[in-house]
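So you can see what is in the structure, the chains are spelled out below.
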Amino acid sequence: MKPCKALLAGAAVTGCLAAGAVWSQDRGPYIGGSLGRSDMKDHCEGVAISCDKTDKAWKIFGGYQFNRNLAAELAYTDLGETKASGVQGGVAVNGNVSSKAWELSGIGFMPLMRELSLYAKLGIYHASTDSQASAAVPGFATSGSQSGTNTDFTVGFGVQVSILRNLAARAEWQKYNDVGSNNTGKTDVDVLSAGILYRF
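Being a predicted model, the structure only gives us computed values, none of them experimental.

Draft legend 1. Summary view of the pattern of salt bridges. Scanning the entire structure with this criterion turns up nine salt bridges. Here Glu172 and Lys59 are joined by a salt bridge, their closest N and O atoms 3.5 Å apart. Linking Glu172 in strand E8 (residues 167-181) with Lys59 in strand E3 (residues 54-67), this pair joins segments that are 113 residues apart in sequence. There is no split in this pair, since Glu172 and Lys59 are both buried.

Right under this line is the structure:
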């Protein structure tokens, strides 16, 4: 074989192997985590005392990538809590509402280039929500708590960037619809987050 033909043949084989290596990254299991900020949109409506409806949120997740365009993902998310405190009519009042959720989502990817994809997710979540409240005046104090669970849908959009062969980063917005119960109050929760995932 002539040198030029040998070089071309070698380049073709190398290219095919590289393509196979890249393709292998587009399928298989992965795990990851993210940190962000949650906004419990309705918890502070009508509250006359100081109320903070934003908090830290975090998520751990695992999934399976079927191909470049489709994945399924299971996640556990701490949605943070709303905190309220102040004095109303001479009574010191404190309260908080916190939620955590399991979720199962399908994710559709739209590759823009080999390393960069936009994605959308749609799924269902099951959340547990706890609320606590206390009131106090000189010589007397009372407190109470409520809890509840609910199941509803979640939707999100994001961008994913491959950093290394088995490592990728995400930036994401996700909405959880009507988190809470009649006992604890309900609210939509928006989460903005950044995370990282490892492909096996």
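Draft legend 2. Representation of the pairing of strand E7 (residues 140-164) within the structure. Looking at chain direction, strand E6 (residues 116-137) and E7 are connected through 22 bridges and run antiparallel. Bridging across to E7, Val137 finds its partner in Phe140. Hairpin geometry of E6 and E7 is characterised by an intervening segment of two residues between the two adjacent antiparallel strands and by a positive phi of about 90° at Gly139. Two strands pair when backbone bridges link them, and E7 and E8 are joined in this way by 10 bridges, in the antiparallel orientation. Directly across from Thr154, in E8, lies its bridge partner Tyr176. Joining the antiparallel neighbours E7 and E8 is a turn of two residues.

Draft legend 3. Summary view of the environment of Asp188. With respect to the secondary-structure elements, Asp188 resides in strand E9 (residues 185-199). Taking relative accessible area as the criterion, Asp188 reaches 18% and is therefore assigned buried. Note: C-alpha distance between Asp188 and Thr154 (34 residues apart in sequence) is 9.8 Å. Engagement of the side chain of Asp188 in a polar contact is seen with the backbone nitrogen of Asp178, the distance being 2.9 Å.

Draft legend 4. A look at the layout of surface pockets. In this structure, the second largest pocket occupies an estimated 220 Å³ of space. Residue lining of the second largest pocket: 14 residues in total, with Val47, Ala84, Gly95, Asn96 and Val97 positioned closest to the centre. Listing elements by their share of the lining of the second largest pocket, those giving two or more residues are strand E4 (70-88), strand E5 (91-113) and E6. Looking at which element gives the most residues to the lining of the second largest pocket, the answer is E5, with five residues. In terms of residue class, the lining of the second largest pocket is built from seven nonpolar, seven polar and no charged.

Draft legend 5. Just the state of the cysteines, in detail. Taken as a whole, this structure holds one disulfide when the rule is applied. Paired through a disulfide, Cys44 and Cys51 show a sulfur-sulfur distance of 1.9 Å. Taking the sign of the S-S torsion, -75° for the link of Cys44 and Cys51, the bridge is left-handed. By relative accessible area, which is 26% here, Cys51 ends up partly exposed.

Cut-offs applied
Residues numbered from 1 in each chain as written. Predicted model: local features only at pLDDT ≥ 70, side-chain atom pairs only at ≥ 80, totals over all residues. Heavy atoms only, no water. Salt bridge = Lys/Arg side-chain N within 4 Å of Asp/Glu carboxyl O. Helix = DSSP H or I, 4+ residues; strand = E, 2+ residues; numbered from the N terminus. Buried < 20%, exposed > 50% of the residue type's maximum accessible area, 1.4 Å probe, protein only. Pairing = 2+ DSSP bridges. Polar contact = N/O pair within 3.5 Å; in protein donor to acceptor, adjacent residues only side chain to side chain. 1 Å grid on protein atoms, 1.4 Å probe; cavity = no way out; pocket = protein on both sides within 12 Å on 5 of 7 lines; lining within 4 Å. Points joined across faces, edges and corners; volume = space filled by probe spheres on them. Nonpolar A, V, L, I, M, F, W, Y, C, P; charged D, E, K, R; others polar. Disulfide = S-S within 2.5 Å.

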